[in-house]
Amino acid sequence: MSGPEPFARVALIGLGLINSSLARVLRQKTPATEIVGCARSQATLDTSASLGFVDRVTLDAAEAVAGCDLVVLGSPVGTFAGLAAQIGPHLAPGAILTDVGSVKGAVFRALAPHVPAGVHLIPGHPVAGTEHSGPEAGFAEMFEGRWCILTPPQDADPEAVERIAALWRMAGMTVELMDAEHHDAVLAITSHLPHLIAYNIVGTVTDLEEETRQEVFKYAAAGFRDFTRIAASDPVMWRDIFLNNRGAVLEMLGRFTEDLTALQRAIRRGDGAYLEALFTRTRAIRRGVIDARQA
Ligand code: NAP
């Protein structure tokens, strides 16, 4: 195989959608890699073992990372600081610690103080997923054709960065390096705000009177359906994303609210030209997404 050496022993902390998909990729592409799985519940460990994408499982994160040359944090980002404090003293010299969290600035601040000298911290975010959770939801093809953003600190070891980049390229992703704060601003508008809007609109429906609510389900295919898919995403994961990307999300939400108010005024005033001009511009954005093969 060309490129960097495959990892010999990998600890996956959290065995949900993302890490279980990564485990399946490792199984296929580097079958000699030993995979140690760690989760919060015995049920998840049992399911993962029976699905066959881990070699060993443990509820103890410190035990999981011992002797590993790669550790991947794949639990909700709010758990990272506690996990890092637990595993920090047990990370092997020369090991790489990475993560798949959807927020990068807060994650770096949570992890960095616990990483001993000689261990490489290379945070990452594979921008791929579904609204499903847990070890059964994962599949190896999930990352194909998607972007993975790495946010290494400025003094990161280039060889360690390249090994993580190679890992995600092996999964079929295109890798881009970015500053953590820039990542958080970009994801606030492309991912976090759309989820917030979906959670809000579906929440509004739950407040409607019973009769109207039934009709919402009946005619959901008219548009509401797509919001319900997004709003079915994992509640704990998304709670942690909003709490940990507060600044960027509030900034984008401020802009969004101003634009929504402008739309409200256009409708009230019967300003069809305003509406049509906006809807024409937004249609072009859709074409751009399709052209970028991210539809
Ligand atoms: P998930 O399917 O909900 O799974 C989360 C996993 O974390 C479970 O195995 C859970 O164990 C484990 N866990 C929770 N608390 C833990 C703790 N204290 N110690 C050890 N394990 C713990 O999650 P996911 O969708 O894969 O998301 C994981 C991470 O990827 C998140 O940080 C998220 O921001 C990021 N991400 C998600 C997506 C997406 O679309 N879903 C995309 C990109 C990045 P139990 O099952 O035992 O509770």
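Residues numbered from 1 in each chain as written. Predicted model: local features only at pLDDT ≥ 70, side-chain atom pairs only at ≥ 80, totals over all residues. Heavy atoms only, no water.

Quick look at the domain arrangement of the protein now. Each assigned domain of the protein is listed here: domain 1 (9-178) and domain 2 (182-291). Centre-to-centre separation of domain 1 and domain 2, based on C-alpha positions: 30 Å. Facing the 15 residues of domain 1 at the interface are 15 residues of domain 2. Both faces combined, the contact of domain 1 with domain 2 buries some 1200 Å², and carbon together with sulfur accounts for 66% of it. Viewed at the interface, domain 2 and domain 1 are joined by one salt bridge. Residue R229 is joined to E131 by a salt bridge in which the shortest nitrogen-to-oxygen separation is 3.7 Å. (Domains from an automatic or database assignment. Contact = heavy atoms within 4.5 Å. Buried area = accessible area lost by both parts, 1.4 Å probe. Salt bridge = Lys/Arg side-chain N within 4 Å of Asp/Glu carboxyl O.)

Note that soluble globular proteins tend to have their nonpolar side chains buried in a common cluster. One finds L12, L22, L70, F143, I164 and W168 to be the most contacted residues of the largest nonpolar core, which totals 36 residues. Listed by contribution, the elements that provide at least two residues to this core are strand 1 (9-13), helix 1 (17-29), strand 4 (70-73), strand 8 (147-150) and helix 6 (158-170). Counting 22 residues, the second largest nonpolar core, distinct from the first, contains A84, I87, V115 and V119. (Core = buried A, V, L, I, M, F, W, Y, C linked by side-chain atoms within 4.5 Å. Buried < 20%, exposed > 50% of the residue type's maximum accessible area, 1.4 Å probe, protein only. Helix = DSSP H or I, 4+ residues; strand = E, 2+ residues; numbered from the N terminus.)

Turning to the pairing of strand 9 (residues 174-177), a few remarks are in order. Residues in a regular strand point their side chains to alternate faces of the sheet. In terms of strand pairing, strand 8 meets strand 9 through four bridges, oriented parallel. Note that in strand 9 the partner of W147 across the bridge is T174. At this point the chain moves from strand 8, through helix 6, to the parallel strand 9, and the crossover so formed is right-handed. (Pairing = 2+ DSSP bridges. Right-handed = clockwise from strand over helix to strand, strands pointing away.)

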